[in-house]
Amino acid sequence: MTANAALPPFVENFTGVVNRGDSAAFLDLFLPDGAVVDWGRRFAGRKAIGEWNAKEMIGAKGTLTITSLISASPSQILVMTHWESNFFTGDSKFTFHLEGDRIREMVISEN
């Protein structure tokens, strides 16, 4: 991301949590009945998100880089990302559906 482009604070916080490898803080970003949709696979609820995270997100020991901000509103943020890990490396679009400052649903999809 260019130095002049300002990311919403939520995205800055999310990226920091992921890149620090803080699984507890990652799970706390979600509502109790929140969900992750990872390229069509749905993981709903804290337990399922935790299991997914342990293997494919923080557990994959990766680095998330925001490459561009597509759009941002109080209830939805879309960003393009680059992810490098021991599980997957590539570009994806992250769509955050928010309720307040927590994630109702996070969708990871093709760019």
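Reference entry: report on the structure contained in this document. (Residues numbered from 1 in each chain as written. Predicted model: local features only at pLDDT ≥ 70, side-chain atom pairs only at ≥ 80, totals over all residues. Heavy atoms only, no water.)

For the rest of this paragraph, the subject is the sheet that holds strand E6 (residues 102–109). With mixed pairing, the six strands of this open sheet are ordered in space as E2-E1-E6-E5-E4-E3. Since the sheet does not close on itself, it has two edges, and those belong to strand E2 (41–44) and strand E3 (63–72), each with one partner. On average, each strand axis in the sheet is tilted by 20° relative to the strand beside it, whichever way the strands run. Both strand E5 (residues 89–99) and E6 contribute to a ladder of seven bridges, which runs antiparallel. Across the sheet, Phe-94 pairs through a bridge with Ile-108, a residue of E6. Against the sheet, helix H1 (residues 9–20) engages E3, strand E4 (76–84), E5 and E6, with an angle of about 165° to E3. Across the sheet, helix H3 (residues 45–56) touches strand E1 (30–38), E2, E4 and E6, and the angle it forms with E1 is around 45°. (Pairing = 2+ DSSP bridges. Helix = DSSP H or I, 4+ residues; strand = E, 2+ residues; numbered from the N terminus. Axes fitted to C-alpha atoms, helices over the stretch in contact; angles between N-to-C directions. Contact = heavy atoms within 4.5 Å.)

With that settled, the discussion passes to the packing of aromatic side chains. Under the definition given, this model contains ten aromatic pairs. An angle of 50° between the planes, with centres 5.9 Å apart, marks the rings of Phe-14 and Phe-26 as tilted. Placement of Phe-14 in helix H1 and of Phe-26 in helix H2 (residues 23–28) is noted, with a sequence separation of twelve residues between them. A single burial state applies to Phe-14 and to Phe-26, both of which are buried. Grouped by ring-pair contacts, the aromatic residues Phe-10, Phe-14, Phe-26, Phe-30, Phe-43, Trp-52, Phe-94 and Phe-96 constitute a single cluster. (Phe/Tyr/Trp six-rings, centres within 6.5 Å; stacked < 30°, edge-to-face > 60°. Buried < 20%, exposed > 50% of the residue type's maximum accessible area, 1.4 Å probe, protein only.)

It is worth spelling out the side chain of Glu-56 at this point. Mapped onto the fold, Glu-56 is located in helix H3. Within the structure, Glu-56 has its side chain in polar contact with the side chain of Arg-41 (distance 2.6 Å). (Polar contact = N/O pair within 3.5 Å; in protein donor to acceptor, adjacent residues only side chain to side chain.)

On to H1, then. Its twelve residues give H1 an end-to-end C-alpha distance of 16 Å, which sits within 8% of 16 Å, the value for a rise of 1.5 Å per residue. Inspection of H1 places Phe-10, Val-11, Phe-14, Thr-15, Gly-16, Val-17 and Val-18 among the buried residues, and these make up the whole buried set. Next to the buried residues of H1 lie H2, E3, E4, E5 and E6. In the segment just after H1, Gly-21 is the residue with positive phi, at about 75°. (Expected span 1.5 Å × (residues − 1).)

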